[in-house]
Amino acid sequence: MDVTDVASARQRPVGLVELARIPVRRWRMVLATATLVLLAVLGYLFVLPATYTATTAVVVRPVVTDPFSVQSVAADRAVNMTAESGIATSNDVIDEVAGITGRDPEAVADALEVETPVGGQVMRFSYSGRGEQEAVDGANGAAEAYLELRKGMYENQRAAVLKSYDDTIAVVTAQRTTTQKSLPANQPSSNPSPRTSALLDQLRALNDQLATLAEQRSKVASADLSPGSVTSAARTPVPSSRDAAPLILVAGLLGGLLLGGLVAFVRESLDRRVRTAGEAATAIGAPLLGTVRRDRSGQPDEADLRYLVLALGRWVDGPQRTPLVVLSSSADEGREQVTAGLAVVLAAAGHEVRLGVTPESLDRIRPLMLDAQRRNPPVEPARSKLPRPRPAPATTAVPSATPAPAPTPAPTPAAGGGPEDTMVIPAVRKPRPFPTAEAKNGAVYRSTTTDDKTEVIPTTPRPGPATGTAADGQELRIGPGRVRLVDLDAAPGDGLTVLDAPPALHDERGVRAAREGRAVLVAAQDRTRTNQLQQLVERLRAVGVEPFGFVVTGAGRD
């Protein structure tokens, strides 16, 4: 895979199936979010007190206190519903409802809602109370308070208009009285003087004005000040917040799942992890060597490990067997299990394997090797020897003429074999165990009095000037091969060398060892973070190491 392939892989579109996998992988988060939302809905339904909502409808009627100030064709359109809505939610109405229901004015303001449909003259008063009767009283009381308040406002306006007419009529009446007093008492009516004629004309004008003012005042006084009427009063029974409990529960569950999916997508974008081998190949830019799954006991699948060894054939059978360094970004990605499994499979195939470990990982790898040894007991290679005659047993000389017995004949080949055939000589059984010259201090010696071929790991020697690190000298026989545990920084030896590197993001020893060998990266599905894997690859390439390939381990947990 070159740089062009990596760039094209990064630009590939994401399908709907891959999007659906995100909430499925993070199902715990989705389920937790849905559970929290459902608990909140249950608390709203059964813990909080139920609320009852009553509605009263009112038809608003236009009121004109001064019919002479508005044209007759526009009198029916003199209602401003926005202004009427403000009147309906004014402090006077809220105080009146608070007095009726016995609640605090602030609570009444929160419980009262006024709806004014566009293009109509109908207002709906909705009141949410703690009981059915309180809701009914609140809705009807708000409607009646609004109508009374609006009627009182128009009555005040009409009173002001009538007072203005009364004042004008009083002034005109006074002028008429003054004019009447100015007329001469004995002036002949047949031939009045010019002054008298003028006074008479003024008097007639004042009378006409008084008549007009009186007529207008009577029209204002007779105007209908009814602001509207209640067309649909609230009455029991009224709906409550618990009437649609099943529907609310279903809506809460669906909303919780939707919110949980959204949270999963947000978490996925903030904490991106390796989901498929293709994503790991995009981040690493190296070929996939294999996928190692886990069995029910949590151990790597042996068949997957054998296929992984086949994929490493160029390294196993190559002329230059440089160390194989197994790297991972963190410690919980199954790197140690993969490394130990590789060593076991190679030993089972008859190889001499040097397994390099760190002192802190020795205690975790030792049980894995012991378990592998129990599953793959050592196999002693058949020793081929030529048949040799056995010496005759020593006898005690007795004064007898009887001749000495003939020596025991040498073993002969099996029936049907040639004279050059060989046979297997069983090992000589000793009466008790004995140490050998190569045994180190603290080692456990095998007894040759038994046919048990199970190899025992020597006890861990204490580090000192003569023994070195804790891993030196520990050797296991697995099948026909051997696995020797050495320190990670030990000098290279004969055979295959597999190094279990510490987490590369926190320890540079694995990257340093990879400069002299081949680096194989381990990525755990659903656990390895993509940014950490990319950071590890960048560090390897910065020191001149190109990854040999990568291994994907079984799915982990978020």
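Please refer to the structure placed before this passage.
Please read these numbers as outputs of a predicted model, since none were measured by experiment. (Residues numbered from 1 in each chain as written. Predicted model: local features only at pLDDT ≥ 70, side-chain atom pairs only at ≥ 80, totals over all residues. Heavy atoms only, no water.)

Peer 1: Before we move on, can you summarise a nonpolar patch on the surface with the specific residues and values?
Peer 2: Residues Leu36, Leu39, Leu42, Phe46 and Val47 make up a contiguous nonpolar surface patch of about 530 Å² in total accessible area. You can see Phe46 is positioned in helix H3 (residues 27-47). (Patch = residues over 30% accessible without salt bridge, like charges linked within 9 Å, V, L, I, M, F, W, Y side chains within 5 Å. Areas by Shrake-Rupley, 256 points an atom, 1.4 Å probe, with all protein chains shown as cover. Salt bridge = Lys/Arg side-chain N within 4 Å of Asp/Glu carboxyl O. Helix = DSSP H or I, 4+ residues; strand = E, 2+ residues; numbered from the N terminus.)

Peer 1: Can you tell me about the sheet that holds strand S13 (residues 518-524), naming the residues and giving the values?
Peer 2: The mixed open sheet is built from eight strands, whose spatial order is S5-S14-S13-S6-S12-S7-S11-S10. Every other strand in the sheet has two partners, leaving strand S5 (288-292) and strand S10 (474-478) as the edge strands with one partner each. On average, adjacent strands in this sheet sit at an angle of 20° to one another, irrespective of strand direction. Together, S5, S13 and strand S14 (549-553) form the strand contacts of helix H10 (residues 277-284), whose direction differs from that of S14 by roughly 145°. Of the strands in this sheet, strand S6 (324-327), strand S7 (352-357), S10, strand S11 (481-487), strand S12 (496-500), S13 and S14 touch helix H13 (residues 335-348), which is tilted by about 165° from S12. (Pairing = 2+ DSSP bridges. Axes fitted to C-alpha atoms, helices over the stretch in contact; angles between N-to-C directions. Contact = heavy atoms within 4.5 Å.)

Peer 1: Break down the packing of H10 against helix H16 (residues 530-542) for me, with residues and values.
Peer 2: Here H10 crosses H16 at 35°, and the two axes come no closer than 9 Å. In terms of crossing hand, the pair formed by H10 and H16 is right-handed. Here Ala280, Ala283 and Ile284 of H10 come into contact with H16, specifically with Thr530, Leu533, Gln534, Val537 and Arg541. (Left-handed = near helix turned anticlockwise from the far one by under 90°.)

Peer 1: Describe the environment of Gly290, naming the residues involved and giving the relevant values.
Peer 2: Along the chain, the position of Gly290 falls in strand S5. Taking C-alpha positions, Gly290 is 8.2 Å from Leu305, a pair spaced 15 residues apart along the chain.

Peer 1: Mind laying out a negative patch on the surface, listing which residues take part and the relevant values?
Peer 2: On the surface, Asp92, Asp95, Glu96, Glu144, Glu148 and Glu155 cluster together to form a negatively charged patch. For the negative patch, the secondary-structure elements that each account for two or more residues are helix H5 (91-101) and helix H7 (132-182). Looking at the secondary structure, you find Asp92 in helix H5. (Lys, Arg positive; Asp, Glu negative; His and termini not counted. Charge placed at Lys NZ, Arg CZ, Asp CG, Glu CD.)

Peer 1: How would you explain the pairing of S6 if you had to name every residue and give the values?
Peer 2: Every second residue of S6 is oriented toward a common face, with Leu324 and Val326 on one face and Val325 and Leu327 on the other, all of them buried. Pairing of S6 with S12 involves three bridges; the strand directions are parallel. Residue pairing across strands places Val326 opposite Asp500, the latter belonging to S12. One ladder, built from four bridges, connects S6 with S13; its direction is parallel. Residue pairing across strands places Leu327 opposite Leu521, the latter belonging to S13. (Buried < 20%, exposed > 50% of the residue type's maximum accessible area, 1.4 Å probe, protein only.)

Peer 1: So what's going on with the pattern of salt bridges? Residues and values would help.
Peer 2: As enumerated under the stated definition, the model contains 24 salt bridges in all. Note that Arg306 is salt-bridged to Glu302, the shortest N-O span being 3.9 Å. Pair noted here: Arg306 and Glu302 are both in helix H11 (residues 302-311), with a separation of four residues, about one helical turn. A relative accessible area of 45% places Arg306 in the partly exposed class.

Peer 1: Tell me about the nonpolar core, residues and numbers included.
Peer 2: Core analysis: the biggest nonpolar cluster contains 36 residues, and Leu312, Leu355 and Met369 have the highest contact counts within it. The next biggest cluster of nonpolar side chains, apart from the first, holds 28 residues, and it includes Ala88, Ala111, Val114 and Ala142. (Core = buried A, V, L, I, M, F, W, Y, C linked by side-chain atoms within 4.5 Å.)

Peer 1: With reference to specific residues and values, describe the packing of H13 against helix H14 (residues 359-375).
Peer 2: Axis separation between H13 and H14 bottoms out at 10 Å; the angle between their running directions is 40°. Considered as vectors, H13 and H14 are oriented oblique to each other. For the pair H13 and H14, the sense of crossing is right-handed. For the pair formed by H13 and H14, the contact residues are Glu336, Gln337, Ala340 and Val344 on the first element and Ser361, Arg364, Ile365, Leu368, Met369 and Ala372 on the second. (Parallel < 35°, antiparallel > 145°, perpendicular 65-115°, else oblique.)

Peer 1: Just give me the short version of helix H4 (residues 81-88), but keep the residues and values in it.
Peer 2: Within H4, the full set of buried residues consists of Met81, Glu84, Ser85, Ile87 and Ala88. All buried residues of H4 project into a common sector of 160° when viewed along the axis, lining one side. Lining the buried residues of H4 we find strand S1 (52-60), H5, strand S2 (112-115), strand S3 (122-129) and H7. (Arc of directions from axis to C-beta.)

Peer 1: Which residues make up the sheet that holds S2, and what are the values?
Peer 2: Pairing is antiparallel across the open sheet formed by four strands, whose spatial order is S2-S3-S1-S4. Strand pairing shows two members of the sheet lacking a second neighbour, S2 and strand S4 (228-232), which therefore form its edges. When strand polarity is set aside, the average angle formed by the axes of neighbouring strands in this sheet is 25°. Sheet topology places S1 next to S4; four bridges connect them, and they run antiparallel. Its bridge partner lying in S4, Val59 is registered against Ser229.

Peer 1: Which residues make up unusual backbone geometry, and what values do they have?
Peer 2: Residues other than glycine predominantly adopt negative phi, and peptide bonds predominantly adopt the trans conformation. In this structure, the amide linkage connecting Thr236 to the following residue, Pro237, adopts the cis form with an omega of -5°. Among the structural elements, Pro237 can be located in the loop between S4 and helix H9 (245-270). Within the chain, Asp526 stands out as a residue other than glycine whose phi angle is a positive 65°. The topology assignment puts Asp526 in the loop between S13 and H16.

Peer 1: For the side chain of Arg335, give the residues involved together with the corresponding values.
Peer 2: Tracing the chain through its elements places Arg335 in helix H13. According to the relative accessible area criterion, Arg335 is buried, its value standing at 4%. A polar contact is formed between the side chain of Arg335 and the side chain of Ser328, at a distance of 2.8 Å. Ignoring any residue separated from it by four or fewer positions in sequence, one finds Arg335 in contact with Val326, Leu327, Ser328, Ser330, Asp500, Ala501, Pro502, Pro503 and Val522. (Polar contact = N/O pair within 3.5 Å; in protein donor to acceptor, adjacent residues only side chain to side chain.)

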